[in-house]
Amino acid sequence: MNSIAFPAPVASVDADLRRRAAAVIPGGMYGHQAAKHLWPGAPQFIASGEGAVVRDVDGREYIDLLCSYGPIVLGHRHPEVEAAAREQAMLGDCFNLPGPRMVELAERLTGIVDYADWAMFQKNGTDATTLALTVARAHTGRKGVLMATGAYHGAAPWCTPIPLGTTPGARADLYNYRYNDIASVEAALAACGDDLAAIIVSPFRHDAGLPQELVEPEFARYLRALCDEKGAMLVLDEVRCGMRLGFGSSWAGIGVAPDLSAWSKALGNGHPIAALMGIDVLRPAIEKIFTTGSFWFSSVAMAASLATLDVMAREGSVARMHTLGQVLWDGLLAQAAKYGVDCSLTGHVTMPYLCFPGESDWAKTDVFAAACAKAGVFTHPRHNWFISAALSDAQMAQILEATGEGFAAVAAIGD
Ligand SMILES: Cc1ncc(COP(=O)(O)O)c(C=O)c1O
């Protein structure tokens with residue numbers, strides 16, 4: 001493989017912010033938004049965004065194919081969403097008691113998600129997935145939970161991918177299965193015995209850094225039947241896929257309804273909101289547990305979510321994302337063939353994941369993402385991308401020019 005020349009760091013606002021951050025923020029930056037996870041030379045700080053474009057603190061503009069890791073579905077600062085948020089902000093956000101937006105949002109969501117009889121609100125996806133398991137355990141009086149190996153359900157002690165600082169007890173009642181593998185679910189169930197409270201599953205396997213796997217409908221149906229047989233709760237983690245795969249349950253198309261589902265990201269087009277939704281039978285258990293948060297009842301994000309859902313319903317944003325995603329998907333495959341590059345494109349068209357089979361050092365994905373960034377497109381080298389409905393056809397053409405540069409750069413470094 002030829003050596004790869006990434007741009008040398010230059011004096012910049014970003015570099016200055018990094019220096020200051022290193023002094024007052026552990027590690028300079030933490031979590032999934034630490035720029036070390038992106039391509040070499042990526043910025044650490046973004047100054048603004050509008051529609052499908054984000055601008056870093058040094059003024060470079062990128063068409064956004066990461067969409068804040070999922071929350072942005074309608075584009076940054078969507079006028080109708082921001083107007084609704086501003087209007088609510090003029091009235092206030094965080095009070096002694098909830099406001100009317102909370103009831104309106106619960107009504108709206110239970111109208112959109114066919115199996116949902118109720119909704120409760122939080123702030124982050126982890127809040128919702130964690131609460132889902134609490135509710136399932138409170139309802140069943142059991143402890144065991146089956147979850148897929150490597151699945152990301154958040155960063156709480158029970159599910160963080162790096163358990164340093166947590167106790168083994170936090171995961172004591174978790175049993176792993178492999179996504180789409182019925183035999184492995186049976187083995188996990190055998191280990192769990194008659195203590196099964198819930199099975200948690202994502203709409204498809206979208207683990208970062210690995211080829212993605214769409215759900216096999218028989219697998220989803222098997223999980224549903226198993227939960228019915230055992231009196232356990234089926235929990236669908238919609239945090240990443242929700243309102244992208246479909247406008248409503250991601251598994252509506254295969255006819256499998258969960259008992260509980262955790263949502264966040266796309267619900268508020270960037271405003272902090274998460275939701276747990278579920279079926280009637282769970283109400284008595286929920287009424288007995290205590291769950292809350294200082295900001296869970298804040299009205300601004302709920303107003304933004306109501307507006308986001310209005311726009312999505314009116315404009316058919318999910319269908320638009322599917323169309324745009326298919327254009328990108330087809331374009332990427334055609335470019336890979338044109339440049340003779342062996343690539344793997346997996347996942348859903350609205351959340352594609354591109355990698356280069358056989359590489360263990362991410363060199364090609366880094367080169368690809370760096371070339372895209374140089375050509376003005378923000379992707380991620382080791383995570384699925386996200387389409388937003390804000391992309392114009394002209395921007396999609398620009399994206400394909402940039403990914404063409406990406407494939408050319410990968411072809412140039414050879415094997
Ligand atoms: C499938 C899934 N579940 C849960 C989470 C956790 O959400 P949050 O980061 O908002 O806590 C994520 C976040 O990426 C996710 O993708």
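Residues numbered from 1 in each chain as written. Predicted model: local features only at pLDDT ≥ 70, side-chain atom pairs only at ≥ 80, totals over all residues. Heavy atoms only, no water.

With an unreviewed UniProt entry as reference, the chain is termed Glutamate-1-semialdehyde 2,1-aminomutase, source organism Zavarzinia aquatilis. Taken from UniProt, the Cofactor (unreviewed entry) comment for the chain reads in full: "pyridoxal 5'-phosphate". The Sequence similarities (unreviewed entry) comment attached to the chain in UniProt states, word for word, "Belongs to the class-III pyridoxal-phosphate-dependent aminotransferase family." (UniProt positions renumbered as here; feature names shortened; annotations may be inferred.)

Engineer: Would you explain the packing of helix 9 (residues 317-339) against helix 11 (residues 393-413) in this entry?
Structural biologist: Helix-helix packing is described using two parameters, namely the angle between the two axes and the distance between the axes. At their nearest, the axes of helix 9 and helix 11 sit 10 Å apart, and the two run at 30° to each other. Viewed along their axes, helix 9 and helix 11 adopt a mutual orientation that is roughly parallel. With respect to the hand of their crossing, helix 9 and helix 11 are arranged in right-handed fashion. Here Arg 320, Leu 324, Val 327, Leu 328, Gly 331, Leu 332, Gln 335, Ala 336 and Tyr 339 of helix 9 lie close against helix 11, whose contacting residues are Asp 393, Met 396, Ile 399, Leu 400, Thr 403, Gly 404, Phe 407, Ala 408 and Ala 411. Across the contact of helix 9 with helix 11, the residue classes tally to twelve nonpolar, four polar and two charged. (Axes fitted to C-alpha atoms, helices over the stretch in contact; angles between N-to-C directions. Helix = DSSP H or I, 4+ residues; strand = E, 2+ residues; numbered from the N terminus. Parallel < 35°, antiparallel > 145°, perpendicular 65-115°, else oblique. Left-handed = near helix turned anticlockwise from the far one by under 90°. Contact = heavy atoms within 4.5 Å. Nonpolar A, V, L, I, M, F, W, Y, C, P; charged D, E, K, R; others polar.)

Engineer: Would you take a moment to explain unusual backbone geometry for this structure?
Structural biologist: One can expect most non-glycine residues to show negative phi and most peptide bonds to be in trans. Even without a glycine there, the phi angle at Cys 67 is positive, about 55°. Mapped onto the fold, Cys 67 is located in the loop between strand 3 (61-64) and helix 2 (79-91). Backbone geometry places Trp 362, a non-glycine residue, at a positive phi of 65°. Inspection of the secondary structure puts Trp 362 in the loop between strand 12 (351-355) and helix 10 (363-374).

Engineer: Looking at this structure, how should I read the nonpolar core?
Structural biologist: Most often, soluble globular proteins keep nonpolar side chains buried together rather than apart. Counting 62 residues, the largest nonpolar core has Leu 109, Phe 121, Met 243, Leu 328, Phe 368, Leu 391 and Phe 407 as its most contacted members. Of all elements in the fold, only helix 2, helix 3 (100-112), strand 4 (118-122), strand 10 (274-278), helix 8 (299-315), helix 9, helix 10 and helix 11 reach the threshold of two or more residues within this core. Sorting elements by how many residues they give to this core places helix 8 first, with nine residues. Composition of this core by domain shows at least three residues from each of domain 1 (13-76 + 317-413) and domain 2 (79-315). By size, the runner-up hydrophobic cluster in this structure holds 43 residues, among which are Leu 38, Tyr 62, Ala 148 and Met 351. (Core = buried A, V, L, I, M, F, W, Y, C linked by side-chain atoms within 4.5 Å. Buried < 20%, exposed > 50% of the residue type's maximum accessible area, 1.4 Å probe, protein only. Domains from an automatic or database assignment.)

Engineer: What is the right way to read helix 5 (residues 182-192) from this model?
Structural biologist: The α-helix winds at 3.6 residues per turn, so residues separated by three or four positions along the chain end up facing the same way. Every buried residue belonging to helix 5 is among Ser 184, Val 185, Ala 188, Leu 189 and Cys 192, and all of these are buried. Taken end-on, helix 5 shows its buried residues confined to a sector of 140°, consistent with a single buried face. The outward face of helix 5, more than 90 degrees from its buried face, is lined by the exposed residues Ala 183, Ala 190 and Ala 191. In this fold, the buried residues of helix 5 make contact with strand 5 (144-148), strand 6 (174-177), strand 7 (196-201) and helix 6 (217-230). For helix 5, the side-chain oxygen to backbone nitrogen distance between the N-cap and Ala 183 is 3.1 Å, and the N-cap itself is Asp 181. Positive backbone phi, at 70°, marks Gly 193, one or two positions downstream of helix 5. (Arc of directions from axis to C-beta. Polar contact = N/O pair within 3.5 Å; in protein donor to acceptor, adjacent residues only side chain to side chain.)

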